[in-house]
Amino acid sequence: MGKIVAVANQKGGVGKTTTCVNFTAALSLRGKKVLLADFDPQGNSTSGMGVSKLSRPSAYDVLVGGTPAREALVRLSYGWVLPANTDLSGAEVELADRERREYPLREALAPLRDEFDYIFIDCPPSLGLLTLNAFTAADTILVPLQCEYYAMEGIADLCTSVRMANRRLNRQLYIEGVLLTMYDGRLNFAGQVAEELRRYFGDRVYESVIPRNVRLAEAPSHGLPITEYDRQSKGAKAYLRAADEFLKRQV
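Quick summary incoming for the structure in this document. (Residues numbered from 1 in each chain as written. Predicted model: local features only at pLDDT ≥ 70, side-chain atom pairs only at ≥ 80, totals over all residues. Heavy atoms only, no water.)

## Some words on the overall build of the protein chain
Here's step 1: Scanning the protein chain from N- to C-terminus turns up 12 helices and 8 strands.
Here's step 2: Its C-alpha radius of gyration of 17 Å places the protein chain within 12% of the 18 Å reference for a compact globule of 251 residues.
Here's step 3: A total of 251 residues make up the protein chain; the buried ones form 56% of that total.
Here's step 4: At a minimum sequence separation of 6, the contacts of the protein chain that also span at least 24 residues come to 78%.
Here's step 5: Carbon together with sulfur atoms contributes 48% to the accessible area of the protein chain, which is approximately 11200 Å² in total.
Here's step 6: Distance from the positive charge centre (31 side chains) to the negative charge centre (30 side chains) of the protein chain: 4 Å. (Helix = DSSP H or I, 4+ residues; strand = E, 2+ residues; numbered from the N terminus. Rg over C-alpha atoms; globule rule 2.2 N^0.38 Å. Buried < 20%, exposed > 50% of the residue type's maximum accessible area, 1.4 Å probe, protein only. Contact = heavy atoms within 4.5 Å. Areas by Shrake-Rupley, 256 points an atom, 1.4 Å probe, with all protein chains shown as cover. Lys, Arg positive; Asp, Glu negative; His and termini not counted. Charge placed at Lys NZ, Arg CZ, Asp CG, Glu CD.)

Structural data, given as structure tokens:
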């Protein structure tokens with residue numbers, strides 16, 4: 001049975017989508033069958049993987065319309081994608097009055113568990129109904145965290161949200177890892193943030209860190225993961241190391 005990992009942070013701009021895209025591609029290079037379920041109405045994971053946001057059916061059709069998730073999947077040489085677009089933003093309103101409104105994503109992904117080694121869910125940067133659906137569907141949570149003060153403030157809110165979801169919706173849910181992103185070793189504060197996180201989360205903080213890297217920032221505009229855009233870049237090597245560490249942590 002495959003594992004479902006929600007990639008989440010209530011703060012935007014922390015490298016969440018970049019992590020989803022590049023973990024999917026890096027683990028595919030390691031021989032794993034990986035699905036990236038884009039669950040953010042911005043659809044950045046979709047375009048970052050080189051899939052059109054106009055693709056139909058999409059995550060909205062799966063979540064609200066009852067379309068089987070398998071029918072919406074897009075296959076690429078470096079992973080599979082369940083695409084999303086701005087239609088998904090209306091799903092929260094349409095699901096609000098339904099019974100068990102936090103469970104449609106879990107039910108949609110259940111038939112795919114045996115087909116994939118890993119399914120990553122790119123969550124929106126908020127604790128709304130879409131994120132609660134992701135938390136209900138997931139086995140664990142991976143938290144990308146930018147090395148800055150405001151990111152540190154947001155981690156407490158995220159932990160509160162996870163505890164709430166754990167009590168009400170998914171008793172097995174927990175934070176399995178924290179990945180430091182946009183790391184600049186020249187800044188003392190980056191090291192202080194890393195130290196504080198390791199004090200709080202212990203060995204759940206990855207040893208691998210993702211540096212600020214121009215090639216990594218360029219890749220999404222070409223619709224490619226960094227391993228396809230420039231495999232020799234620092235960003236690609238960092239994500240490959242992080243993916244290898246992820247695999248070691250699954251044993």
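## Overview of the pairing of strand β4 (residues 79-82)
Here's step 1: Taking every second residue as pointing to the same face, both faces of β4 are buried, with Gly79 and Val81 on one and Trp80 and Leu82 on the other.
Here's step 2: As judged from the 3 bridges shared by strand β2 (residues 34-38) and β4, these two strands associate in the parallel manner. Looking across to β4, one finds that Leu36 is bridged to Val81.
Here's step 3: Bridge count for strand β3 (residues 74-76) against β4 is 3 bridges, and the pairing is antiparallel. Its bridge partner being in β4, Leu76 is matched across the sheet by Gly79. (Pairing = 2+ DSSP bridges.)

## What about the sheet that holds β2?
Through backbone hydrogen bonds, the strands of a sheet pair up, either in parallel or in antiparallel fashion.
Here's step 1: Strand order in the open sheet formed by 8 strands is β3-β4-β2-β5-β1-β6-β7-β8, with mixed pairing between adjacent strands. The sheet is open, and its two edges are formed by β3 and β8 (205-211), each paired on a single side. Averaged over all pairs of adjacent strands, the angle between their axes in this sheet comes to 25°, without regard to strand direction.
Here's step 2: Sheet topology note: the β2/strand β5 (residues 118-122) ladder contains 5 bridges and is parallel. If you follow Asp38 over to β5, its bridge partner there is Asp122.
Here's step 3: Set on the sheet, helix α7 (residues 129-137) makes contact with β1 (3-7), β5 and β6 (140-146); between it and β1 the angle comes to about 150°.
Here's step 4: Sitting on the sheet, helix α9 (residues 188-201) is in contact with β6, β7 (175-183) and β8, with an inclination near 175° to β7. (Axes fitted to C-alpha atoms, helices over the stretch in contact; angles between N-to-C directions.)

## Examining the layout of surface pockets
Here's step 1: A volume near 210 Å³ is recorded for the largest pocket.
Here's step 2: Together, 13 residues line the largest pocket, and Gly15, Thr18, Met182, Leu216 and Ala217 are the ones closest to its centre.
Here's step 3: At the level of secondary structure, the elements contributing two or more residues to the lining of the largest pocket comprise β7, β8 and α10 (214-218).
Here's step 4: Counting residues per element, the lining of the largest pocket draws most heavily on α10, at 3 residues.
Here's step 5: Per-class residue counts for the lining of the largest pocket are 8 nonpolar, 4 polar and 1 charged. (1 Å grid on protein atoms, 1.4 Å probe; cavity = no way out; pocket = protein on both sides within 12 Å on 5 of 7 lines; lining within 4 Å. Points joined across faces, edges and corners; volume = space filled by probe spheres on them. Nonpolar A, V, L, I, M, F, W, Y, C, P; charged D, E, K, R; others polar.)

## A closer look at the pairing of β7
Strand residues, when the strand is regular, have side chains that alternate between the two faces of the sheet.
Here's step 1: Among the 9 residues in β7, 7 count as buried, and that is most of the element.
Here's step 2: Pairing geometry for β7 and β8, over 3 bridges, is parallel. Paired with Val178 across the two strands is Val205, which belongs to β8.

## Structural notes on the packing of helix α1 (residues 16-29) against helix α12 (residues 234-249)
Here's step 1: Between α1 and α12, the shortest axis-to-axis distance is 9 Å and the interhelical angle comes to 75°. With respect to their mutual orientation, α1 and α12 come out roughly perpendicular. Here Thr18, Thr19, Asn22, Phe23, Ala26, Leu27 and Leu29 of α1 come into contact with α12, specifically with Tyr239, Leu240, Ala242, Ala243, Phe246 and Leu247.
Here's step 2: Considered class by class, the residues forming the contact of α1 with α12 number 10 nonpolar, 3 polar and no charged. (Parallel < 35°, antiparallel > 145°, perpendicular 65-115°, else oblique.)

## Considerations on the nonpolar core
When a protein is soluble and globular, its nonpolar side chains tend to lie buried together.
Here's step 1: Among the nonpolar cores identified, the biggest contains 53 residues, and Leu63, Leu88, Ile121, Phe135 and Ile141 are the most heavily contacted of them.
Here's step 2: Membership of the second largest hydrophobic core comes to 32 residues, among which are Tyr78, Ala238, Ala242 and Ala243. (Core = buried A, V, L, I, M, F, W, Y, C linked by side-chain atoms within 4.5 Å.)

## A closer look at the packing of aromatic side chains
Here's step 1: Under the counting rule described, the total for this entry stands at 7 aromatic pairs.
Here's step 2: Seen from their ring centres, Phe23 and Phe120 are 6.0 Å apart, and the 90° between their planes marks the pair as edge-to-face. In this pair, Phe23 sits in helix α1 while Phe120 sits in strand β5, placing the two residues 97 residues apart along the sequence.
Here's step 3: Arranged with centres 5.1 Å apart and planes meeting at 70°, the rings of Tyr118 and Phe246 form a pair that is edge-to-face. Taken as a pair, Tyr118 in strand β5 and Phe246 in helix α12 lie far apart in primary sequence, 128 residues in all. With respect to class, Tyr118 is no different from Phe246; both count as buried. (Phe/Tyr/Trp six-rings, centres within 6.5 Å; stacked < 30°, edge-to-face > 60°.)

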